[in-house]
Amino acid sequence: MEKLYTITQPILSDPLIGSNPRKLFHIPQDVLEWGGRICYRSTPKFRTSPDFIQKIISVKHLDVLEHGYAGFLMNVEEEYGIDSYYYFYHQMNQKYPYLRVDLHPAAKKIGIYGNFRSWHQLYENDFTQIWGMFGQKDMQELILTLSNLAPNVFPVPSWLVSQNENNSIGGEIRREHAMQMANQRGFNCRVTSSGANVMLLGKTNSINGTNRYHATFQFNGISRALSHQLVRHRVLSFSQESQRYVDGTNFQYVLPHVDNESREDIKETINFINEKYRNMRNRKVKKEDARCILPNAAVTQIVVSGEEFGWRHFIEQRTASDAQPEIREVALIVQDMLGDKNGSNLS
């Protein structure tokens, strides 16, 4: 069985982590937690709560699982003919539409690819939809691989622990991942003219020899006006800082590309909003209610993940000459970080 998953890049230094600049993304599960903590502005607590992911899952905040990705090219049992491949394909599309299935009947293989949220749905159903199609060794390796990538999302079933007490398969998987992590050279970060950070947190290698990939970015210091445009690319996955849970007192803001007189008008208006928001919070108005007056200029941060076709659509739409300057600058950086500047890797 061939394996593919998001290669997360270690963060060597980031002010959001607090006093320990050497904390790393050791496994893809760390990116899930990071995305979840972005929502609550709790990144200084990164990797201090072992049950954070379980809590996220228990309250059905499952979007954070979409920042991890795994793909497997599975060996099909010999007795299955071509009709079984297509039956399997249609069954998977009906029950798990967010898992991509590629058929390779001549090679007796089937590729299954998707984010951790789609794999988690399959995991919760005990893999019953795919168990009979593949050999026991491949299925055990699939489960152990997922568990090593995100142990709090995919705990190893008790029956598999008893069958694999020395964890030899899991050990090989961990060593392979450690070697790949060792080859990373820090995380990739660019800064826009307005001071926003565009960070590539992780990216897979090409999927099954094609130009397809899965990539995760973090955008810090962008405006809510930009994020409102960004989330319209619904094929991508998002975990955004929440104004319901994060206090907006003395919020930062991004000024648009306008004339100086208009900029002063905006600053004056924002100072007024800041004062009114502060007054509401002092009167014990809940954050979820006080946020109604916060402007589109307010700064936010967001983690975004998706496959190649999602990022391609974002790049095609937002690098256009008539795109708003703030999002166009971010899209041009994303395009450069994902491939060559001519976009030939995006076709």
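Below is a short write-up of the structure.

Definitions and cut-offs
Residues numbered from 1 in each chain as written. Predicted model: local features only at pLDDT ≥ 70, side-chain atom pairs only at ≥ 80, totals over all residues. Heavy atoms only, no water. Phe/Tyr/Trp six-rings, centres within 6.5 Å; stacked < 30°, edge-to-face > 60°. Helix = DSSP H or I, 4+ residues; strand = E, 2+ residues; numbered from the N terminus. Buried < 20%, exposed > 50% of the residue type's maximum accessible area, 1.4 Å probe, protein only. Patch = residues over 30% accessible without salt bridge, like charges linked within 9 Å, V, L, I, M, F, W, Y side chains within 5 Å. Areas by Shrake-Rupley, 256 points an atom, 1.4 Å probe, with all protein chains shown as cover. Salt bridge = Lys/Arg side-chain N within 4 Å of Asp/Glu carboxyl O. Lys, Arg positive; Asp, Glu negative; His and termini not counted. Charge placed at Lys NZ, Arg CZ, Asp CG, Glu CD. Contact = heavy atoms within 4.5 Å.

Some points on the packing of aromatic side chains
Ring pairs (aromatic) are described by centroid distance and by the angle formed between their planes.
Step number 1: Enumeration according to the criterion identifies ten aromatic pairs in this entry.
Step number 2: Note on F217 and W311: the rings are 5.0 Å apart at their centroids and 65 degrees apart in plane angle, and the pair reads as edge-to-face. With F217 in strand β8 (residues 214-223) and W311 in helix α11 (residues 308-318), this pair connects stretches of sequence that are 94 residues apart.
Step number 3: According to the relative accessible area criterion, W311 is buried, its value standing at 0%.

What to know about a negative patch on the surface
Step number 1: A cluster of acidic residues, D259, E261, D265 and E268, forms a negative patch on the protein surface.
Step number 2: Checked against the element boundaries, E261 lands in helix α9 (residues 260-282).
Step number 3: Here E261 falls in the exposed class, since its relative accessible area comes to 61%.

Re the environment of E77
Step number 1: Within the secondary structure layout, E77 lies in the loop between β3 (69-75) and α3 (82-95).
Step number 2: The partly exposed category is assigned to E77, whose relative accessible area is 30%.
Step number 3: Between the alpha carbons of E77 and K108 there is a distance of 7.6 Å; along the sequence they are 31 residues apart.
Step number 4: What E77 contacts, discounting residues up to four positions off in sequence, is K108, G132, M133, F134 and G135.

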